[in-house]
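Listed below are the residues making up each chain.
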Amino acid sequence: MFGLSPHRRDCRAKQLERQNQLDALPSAYTEPCTEEDNKILDLSLTDLVHNHASGSLSTRSILQAYGKKVVAAQKATNCLAAVLIPDILDSDAPPQIPSTFHDSTSNTSDTDVSSPVREKPLLSGVPVSIKDCIDIQGYDTTIGYSSRVNQPASSSAAIVRLLHSAGAITHVKTTTPPGMLGLETSSDLFGRTSNPYNADYVSGASTGGGGALLAYKGSMIEIGTDIGGSVRLPAHWCGIYAMKSSIGRFPGWGATSPLPGFEGVETSCSPMSSRLDNLEEFWKRVMMMRPWEYDHTCIPIPWRPVNLRGRKLRWGVMWEDDLVVPTPACRRALQMTVDALRKQGHEVVDFTPPSISKGILIGLQLCFSDGGQDFFSFVRKDEKLDPLLVGTKTLLSIPLFIKRILAAVTPDALQSAILTSVHAKTPAQERALVVEREQYRAHWRDVLEESGFDYILCLPHPAPAIPRGTSEKATFASCGSMMIWNILDYSAGVLPVTTVQPALDALPPAADFPRTPEYARMGVVARDVYALYDAQKMEGLPIGVQVVGRRFEEEAVLAGMRVVEEALAADGKGFNSGKVF
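So, how was this worked out
- Numbering of residues starts from 1 in every chain and runs along the sequence as written.
- Per-residue local features are limited, in this predicted model, to residues with pLDDT of at least 70; the limit for side-chain atom pairs, both in listing and counting, is 80 or more; totals at the level of whole chains, interfaces and linings are taken over all residues.
- Processing note: side-chain calculations cover all non-hydrogen atoms of the structure and skip hydrogens and water entirely.
- Strands here mean DSSP runs of E at least two residues long; helices mean DSSP runs of H or I at least four residues long; both are numbered from the N terminus.
- Values of the radius of gyration come from C-alpha atoms, whereas the globule rule sets the reference at 2.2 Å times the count of residues to the power 0.38.
- To sort residues, take the accessible area from a 1.4 Å probe on protein chains only and compare it with the maximum for the residue type: under 20% means buried, over 50% means exposed, and anything in between is partly exposed.
- Two residues form a contact once any of their heavy atoms are found within 4.5 Å.
- Here the axes come from fitting lines to C-alpha atoms, over the contacting stretch only for helices, and the angles between their N-to-C directions go from 0 to 180 degrees.
- When describing relative orientation, an angle under 35 degrees is termed roughly parallel and one over 145 degrees roughly antiparallel, while 65 to 115 degrees is termed roughly perpendicular and anything else oblique.
- The handedness criterion is simple: a crossing whose near helix is rotated anticlockwise from the far helix by less than a right angle is left-handed, and one whose near helix is rotated clockwise is right-handed.
- The residue classification treats Ala, Val, Leu, Ile, Met, Phe, Trp, Tyr, Cys and Pro as nonpolar and Asp, Glu, Lys and Arg as charged. All others, Gly included, are polar.
- The term nonpolar core refers to a set of buried residues drawn from Ala, Val, Leu, Ile, Met, Phe, Trp, Tyr and Cys, joined through side-chain atoms within 4.5 Å.
- Pairing between strands is defined by DSSP: at least two bridges between them are needed.
- To estimate the expected span of a helix, count its residues, drop one, and scale the result by 1.5 Å.
- This arc describes the spread of directions from the helix axis toward the C-beta atoms.
- What makes a patch is a set of residues exposed beyond 30% relative accessible area and free of salt bridges, joined within 9 Å when like-charged and within 5 Å when nonpolar (Val, Leu, Ile, Met, Phe, Trp, Tyr).
- Only the protein chains shown count as cover for residues, and the accessible areas themselves come from Shrake-Rupley with a 1.4 Å probe.
- Salt bridges are defined as contacts in which a side-chain nitrogen from Lys or Arg sits within 4 Å of a carboxyl oxygen from Asp or Glu.
- Only Phe, Tyr and Trp rings are paired, with Trp represented by its six-membered ring, and only when their centres lie within 6.5 Å; those with planes under 30 degrees apart are stacked, over 60 edge-to-face, the remainder tilted.

Asks: For this particular structure, what's the right way to read the overall build of the protein chain?
Replies: Summing up its helical and strand segments, the protein chain has 22 helices and 15 strands in all. Taking 581 residues into account, the globule formula puts the C-alpha radius of gyration at 25 Å, and the protein chain, at 23 Å, falls close to it. Overall, the C-alpha framework of the protein chain stretches about 70 × 70 × 50 Å when taken along its three principal axes. Expressed as a percentage of the 581 residues in the protein chain, the buried residues total 59%. Long-range pairs, those at least 24 residues apart, make up 80% of the contacts in the protein chain with a sequence separation of at least 6.

Asks: What is the right way to read the packing of helix H9 (residues 276-288) against helix H22 (residues 554-570) from this model?
Replies: Think of two packed helices as two axes; the pair is described by the angle between the axes and how far apart they sit. Between H9 and H22, the shortest axis-to-axis distance is 11 Å and the interhelical angle comes to 165 degrees. The angle between H9 and H22 falls in the class roughly antiparallel. The hand of the H9/H22 crossing is left-handed. Residues Leu 276, Asp 277, Leu 279, Glu 280 and Trp 283 of H9 pack against Glu 554, Glu 555, Leu 558, Met 561, Arg 562 and Glu 565 of H22. Residue classes in the contact of H9 with H22 are distributed as five nonpolar, no polar and six charged.

Asks: For this particular structure, what's the right way to read the environment of Arg 148?
Replies: Here Arg 148 shows up in the loop between strand E4 (128-131) and helix H6 (158-165). Of the residues examined, Arg 148 reaches a relative accessible area of 16% and is grouped as buried. Linking Arg 148 and Asp 10, residues 138 residues apart in sequence, is a C-alpha distance of 9.1 Å. In this structure Arg 148 touches Asp 140, Thr 141, Thr 142, Ile 143, Thr 256 and Phe 378, once residues within four positions along its chain are discounted.

Asks: Got a minute to help me understand the nonpolar core in this structure?
Replies: Proteins that are soluble and globular tend to have nonpolar side chains buried together. One finds Ile 223, Phe 282, Trp 315, Trp 444 and Trp 485 to be the most contacted residues of the largest nonpolar core, which totals 152 residues. Per-element tally for this core: the top contributor is H22, with nine residues. Apart from the residues within four sequence positions on either side, Trp 485 is in contact with Arg 232, Lys 244, Met 318, Trp 444, Ile 456, Cys 458, Tyr 490, Ala 492, Gln 546 and Val 548. Leu 22, Cys 79, Leu 80 and Ile 85 belong to the second-largest nonpolar core, a separate cluster that totals 18 residues.

Asks: Sorry, what's going on with the pairing of strand E14 (residues 492-499) here?
Replies: Within E14, eight of the eight residues are buried, which leaves the element mostly enclosed by the surrounding structure. Inspection of the sheet shows strand E9 (residues 241-244) paired to E14 by three bridges, in the antiparallel sense. Bridging across to E14, Ala 242 finds its partner in Val 494. With seven bridges joining them, E14 and strand E15 (residues 542-548) adopt antiparallel strand pairing. Counterpart to Ala 492 in the pairing with E15 is Val 548.

Asks: Is there a simple way to explain helix H1 (residues 6-23) in this structure?
Replies: Think of an α-helix as 3.6 residues a turn; residues three or four steps apart then line up on the same face. The end-to-end C-alpha distance of H1 is 25 Å, a good match for the 26 Å that 18 residues give at a rise of 1.5 Å each. Within the span of H1, buried status applies to His 7, Asp 10, Cys 11, Lys 14, Arg 18, Gln 21 and Leu 22. The buried side chains of H1 occupy one side of the element, clustering within an arc of 115 degrees when seen end-on. Each element contacted by the buried residues of H1 is listed here: helix H4 (59-77), strand E1 (80-83) and helix H5 (85-90).

Asks: So what exactly am I meant to see when it comes to the sheet that holds strand E13 (residues 455-458) here?
Replies: Sheets are built from strands paired through backbone hydrogen bonds, the pairs being either parallel or antiparallel. Here eleven strands make up an open sheet; going across it, the order is E1-E5-E4-E8-E10-E9-E14-E15-E13-E11-E12 and the pairing mixed. Two strands in the sheet have a free side with no partner beyond their single neighbour: E1 and strand E12 (347-350). Strand-to-strand, the axes of this sheet are offset by a mean angle of 25 degrees, without reference to chain direction. Judged from the four bridges that link them, strand E11 (residues 314-318) and E13 form a sheet pairing that is parallel. Looking across to E13, one finds that Met 318 is bridged to Cys 458.

Asks: Would you mind showing me how to read a nonpolar patch on the surface here?
Replies: A surface patch of nonpolar side chains, about 380 Å² in accessible area, is lined by Phe 401, Ile 402, Ile 405 and Leu 406. By the element assignment, Ile 405 lies in helix H14 (residues 400-408). Taking the relative accessible area as the measure of exposure, Ile 405 reaches 54% and is therefore exposed.

Asks: Got a minute to help me understand the packing of aromatic side chains in this structure?
Replies: Two numbers describe a pair of aromatic rings. These are the distance of the centres and the angle of the planes. For the structure on display, the rule yields 15 aromatic pairs. Plain terms: the ring middles of Phe 351 and Phe 453 are 5.3 Å apart, the flat faces sit at 75 degrees to each other, and that makes the pair edge-to-face. Of this pair, Phe 351 sits in the loop between E12 and helix H11 (356-367) while Phe 453 is found in the loop between helix H16 (427-451) and E13, placing the two residues 102 residues apart along the sequence. For Phe 453, a relative accessible area of 6% gives the class buried.

Shown next, in the form of structure tokens:
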């Protein structure tokens with residue numbers, strides 16, 4: 001490596017380290033799954049825990065089954081930051097320590113802290129992948145920056161300590177873009193993570209590595225983070241499930257934020273899974289572990305079961321925000337969901353929300369109130385960034401008076417507003433934005449109280465997965481339907497509904513579409529998103545919908561996701577990608 005820059009040297013060393021970890025796996029991990037492996041992979045979280053805790057299923061058997069999928073996923077998508085399996089196999093001590101929880105078969109409540117307990121390992125043997133922004137003692141936490149290589153964490157994050165106490169197996173770390181900012185997971189440090197359904201498309205960001213791994217069944221649960229859609233966008237684009245929690249509900253201490261110390265729009269540590277029942281059961285068991293005893297930032301709210309059986313719910317459908325019109329495939333997915341819910345007797349009404357663009361402008365100003373100094377301080381001079389990040393850096397570096405001149409001649413209202421508002425703020429300006437954010441939240445609360453909605457139903461993003469290397473066209477402004485729930489701090493979950501089908505989802509011919517009324521009412525952001533949309537090339541890519549509840553309503557949102565999934569299944573339209581991983 002003589003003559004290489006520190007950045008290139010550390011990138012090469014980190015990739016070699018990852019390859020050595022893969023090469024250290026038993027040779028069986030490169031072989032196809034056996035019948036026994038597939039039986040393990042098909043187990044629900046509940047059954048896997050029971051079998052592992054009872055001794056009928058070994059840690060090595062679980063690691064072999066999931067490890068084969070880890071290897072396949074890495075080969076197909078490049079989704080791994082580190083492979084911990086060899087260290088687990090070599091360890092003399094078991095990698096998990098059984099903990100206790102309240103036995104649901106007893107006469108006492110699972111959530112009654114005064115009731116007697118029986119010792120059971122809550123997550124015994126559950127393979128959980130960890131996004132590479134969350135500390136695991138002895139391993140790097142790079143968040144995609146080469147400048148953070150060779151700095152192993154001295155202690156594990158609260159969620160990792162909880163997982164190990166509950167008996168879970170943290171077997172791999174997954175890729176993230178530099179600083180966890182962007183629409184695709186790509187970095188000089190680890191390379192590009194591709195979509196598991198089509199390598200020409202992206203997996204999403206910033207938990208794109210976890211999304212790709214889960215699609216391949218290389219993990220049962222992924223622990224990711226979300227500041228503007230970072231678990232929900234990969235769920236939407238990879239055909240899996242994600243649950244963005246409100247701040248303080250899920251343990252997040254020890255998860256590195258892209259904006260350390262920033263409280264304007266906080267980062268939510270949140271789980272993902274390839275199955276809804278596993279996601280819900282995992283959430284329940286984490287809450288039963290009393291996460292506030294591991295993380296001082298957690299609010300002591302125990303698991304609160306929600307039973308919606310027999311209830312007819314009121315759903316508000318947000319067909320679009322005021323930023324981007326949904327592409328045909330995504331609109332069809334939302335329409336399928338609405339039709340299925342109505343067939344089950346639920347009340348589904350159109351909902352025109354308070355201005356989404358206003359909320360996004362508040363959020364963007366808060367996120368970049370330091371002029372991007374925190375985010376870009378870790379970037380080395382020869383470190384290549386995604387074009388979207390390069391554009392963001394350029395925007396932040398332009399003097400304000402020049403941006404005002406550019407805004408005056410910019411016909412698009414949103415672009416003009418971004419030019420004049422997204423720049424470094426004084427402390428007084430930042431405090432004023434926080435006040436404006438709270439006023440915005442209060443307005444939303446009033447609107448929802450008046451509406452009487454049990455849930456809001458909307459799209460996570462207006463498009464299926466975008467082609468590789470095109471995120472600068474989609475931009476952060478296209479993510480309004482995700483980021484708005486971070487700004488409001490609402491609970492939000494994503495589940496897969498269908499896939500792109502060219503016969504149903506094609507646009508009018510390219511020569512005719514710009515002449516349509518729909519195109520005429522689009523702003524620049526929407527037109528750029530549509531420029532990336534091609535139903536023929538996107539055939540088979542997953543599409544999801546988003547179920548939104550109020551703050552700290554995670555159990556209710558999970559229950560609402562189940563209502564949606566069961567309604568679609570009853571209508572004969574349950575998600576089936578047709579792809580076998």
